[in-house]
Amino acid sequence: MALLKLESVDAFVVRDLDNEIPAFGVVRLAPKILQGGAKELARSQTYQCALFNMKCQGASAGINAAPEARDEAIAAFAEELAPLASSGALLLDPGKGVADDALDQLFGIDPRNDAHRRIVDGLSNHLHLTGFGAVVSADTARSLDGATIAIENYEVAGPAVARSAAERGARVTAISTSAGAAMNPEGFDPTALGEALAAKGPAMIADFTDEELPAWRILGAETDVLFAGSKMGLIDHQGAPNVKAKMVVPTGPIPYTTKGALMLEAQGTTVLPDTVTTAGAMFGGMPPGEDDQESIEDALSELLSTLTGQIVGQDNIAILE
């Protein structure tokens, strides 16, 4: 592991490998970001690079700042790291606590394909492709036609998950944001969800429920598939028994602990690997072929379908039916 501590702001960057190949990862912001968690994220990203035969390593950055100092801290962070971004040595995307457009200063100078900065249905392409890819993996493991789904952490890649899943015949019956959770067995309209998020942010949850449900209630939603990824270790050995979904699909890195994943599998829940389901973010900036949106999505869909099919296997698919 290689650790870089910034001078202009209380922040750091962890690279998984101590060499010069490009480092790809996310930036998180909170009053205190722990380096231990950052190292885990960087290692997970390296595994993903290797899995997809991409010549990059994992990275993870943390900015320690109070909410009122957020904008100033992000600006200082971006200015100091601009040389690394422009050279292609460090390629970062917004993570928890960092607004989707907060790193535009770095996006504008890093050498990734322009498709990375494309806006698709109101989302940055790295978020759109993350949600799209997670749905492709889920649909490969278990046909989503007629399935009910829950989307934890809807305000990030949730709109893309909802749209893509609905196109495959799924019904969104539960969502959560940082403001709470909402559930409706009849299903939510993906378009209405997206419009509400754009207008109100996480507070949009109040438009879809009369109950004040805490965000964590989403984990116990009575659905076929749970898309989750707000933080590492979200589903641990204590929370796993409460999960009722037949399949858990990560939309963020390492959303379950090892014990949590083992317990889920023991109770008959299929757990898909985050290194596969969250791979969409890399494809926008480093597409393997043509860079038009349709070609990127087709290439991503083909690769994730193949990998997920190999990982899950026919026996596990039968468990879900």
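Residues numbered from 1 in each chain as written. Predicted model: local features only at pLDDT ≥ 70, side-chain atom pairs only at ≥ 80, totals over all residues. Heavy atoms only, no water.

**Q** Can you explain the pattern of salt bridges? Please cite residues and give values.
**A** Here the idea is simple: oppositely charged side chains can pair when their charged atoms come close. Scanning the entire structure with this criterion turns up 8 salt bridges. Here arginine 142 and aspartate 224 are joined by a salt bridge, their closest N and O atoms 3.8 Å apart. A residue pair is termed long-range when its members are at least 10 positions apart, and arginine 142 in the loop between α4 (125-141) and β8 (148-151) and aspartate 224 in the loop between α6 (190-200) and β11 (225-228) qualify at 82 residues. Across the pair, aspartate 224 and arginine 142 agree in class, each one buried. A salt bridge links aspartate 207 to lysine 200; the nearest nitrogen and oxygen atoms lie 3.0 Å apart. Through salt bridges that share partners, Asp93, Asp110 and Arg112 make up one connected network. (Salt bridge = Lys/Arg side-chain N within 4 Å of Asp/Glu carboxyl O. Helix = DSSP H or I, 4+ residues; strand = E, 2+ residues; numbered from the N terminus. Buried < 20%, exposed > 50% of the residue type's maximum accessible area, 1.4 Å probe, protein only.)

**Q** Quick rundown of the sheet that holds strand β4 (residues 57-64)? Include the residues and the values.
**A** What the 5 strands build is an open sheet, ordered β1-β2-β4-β3-β5; its pairing is mixed. Strands with a single pairing partner mark the edges of an open sheet, and in this sheet they are β1 (2-5) and β5 (90-94). The average angle at which neighbouring strand axes cross in this sheet is 25 degrees, direction not considered. Pairing of β1 with strand β2 (residues 11-15), which is carried by 4 bridges, proceeds in the antiparallel orientation. Across the sheet, the residue bridging to lysine 5 is phenylalanine 12, located in β2. Against the sheet, helix α1 (residues 35-51) makes contact with β1, β2, β3 (23-30) and β4, and its axis sits at roughly 155 degrees relative to β4, the strand it touches most. Across the sheet, helix α2 (residues 70-87) is in contact with β1, β2, β3, β4 and β5; its angle to β5 comes to roughly 155 degrees. (Pairing = 2+ DSSP bridges. Axes fitted to C-alpha atoms, helices over the stretch in contact; angles between N-to-C directions. Contact = heavy atoms within 4.5 Å.)

**Q** Tell me what's going on with the packing of α4 against helix α5 (residues 158-167), and back it up with residues and numbers.
**A** Running from N to C, α4 and α5 cross one another at 40 degrees; their axes reach a closest spacing of 8 Å. Judged on the interaxial angle alone, α5 and α4 are oblique. In this structure, α4 crosses over α5, and the sense of that crossing is right-handed. Counted together, Leu127, His128, Gly131, Phe132 and Val135 of α4 and Ala160, Val161, Arg163, Ser164 and Ala165 of α5 form the full contact between these two elements. (Parallel < 35°, antiparallel > 145°, perpendicular 65-115°, else oblique. Left-handed = near helix turned anticlockwise from the far one by under 90°.)

**Q** Provide a residue-level description of the state of the cysteines, including the pertinent values.
**A** This structure, assessed with the given rule, holds 1 disulfide. In this model cysteine 49 forms its disulfide with cysteine 56; the gap between the sulfur atoms is 2.4 Å. Torsion about the S-S bond of the cysteine 49 and cysteine 56 cystine: about -105 degrees, corresponding to left-handed handedness. In terms of burial, cysteine 49 and cysteine 56 fall into one category: buried. (Disulfide = S-S within 2.5 Å.)

**Q** Requested: an account of α6, with residues and values cited.
**A** When we look at burial in α6, the residues that qualify are Pro190, Leu193, Ala196 and Leu197. Seen from one end, α6 has its buried residues packed into an arc of 130 degrees, which puts them on one side. In α6, the exposed positions that point more than 90 degrees away from the buried face belong to Glu195, Ala198 and Ala199. Contacts from the buried residues of α6 go to α5, β9 (171-177) and β10 (180-188). Backbone geometry just downstream of α6 places glycine 201 in the positive-phi region, at approximately 70 degrees. (Arc of directions from axis to C-beta.)

**Q** Please set out the packing of aromatic side chains residue by residue, giving values where relevant.
**A** For the coordinates displayed, the defined rule picks out 1 aromatic pair. Centroid distance phenylalanine 188 to phenylalanine 208: 5.7 Å. Interplanar angle 85 degrees. Geometry classified as edge-to-face. On the criterion of sequence distance, the pair formed by phenylalanine 188 in strand β10 and phenylalanine 208 in the loop between α6 and β11 is long-range, its members being 20 residues apart. (Phe/Tyr/Trp six-rings, centres within 6.5 Å; stacked < 30°, edge-to-face > 60°.)

**Q** So what's going on with helix α7 (residues 258-266)? Residues and values would help.
**A** Restricting attention to buried positions, one finds in α7 the residues Gly260, Ala261 and Leu264. Down the axis of α7, the buried side of the element spans an arc of 95 degrees, and every buried residue falls inside it. Summarising the geometry of α7, the exposed residues directed more than 90 degrees from the buried face are Thr258, Lys259, Leu262 and Ala266. Looking at the buried side of α7, the elements it contacts are β12 (247-250) and β13 (270-271). Glycine 268 lies just past α7 and shows a positive phi near 90 degrees.

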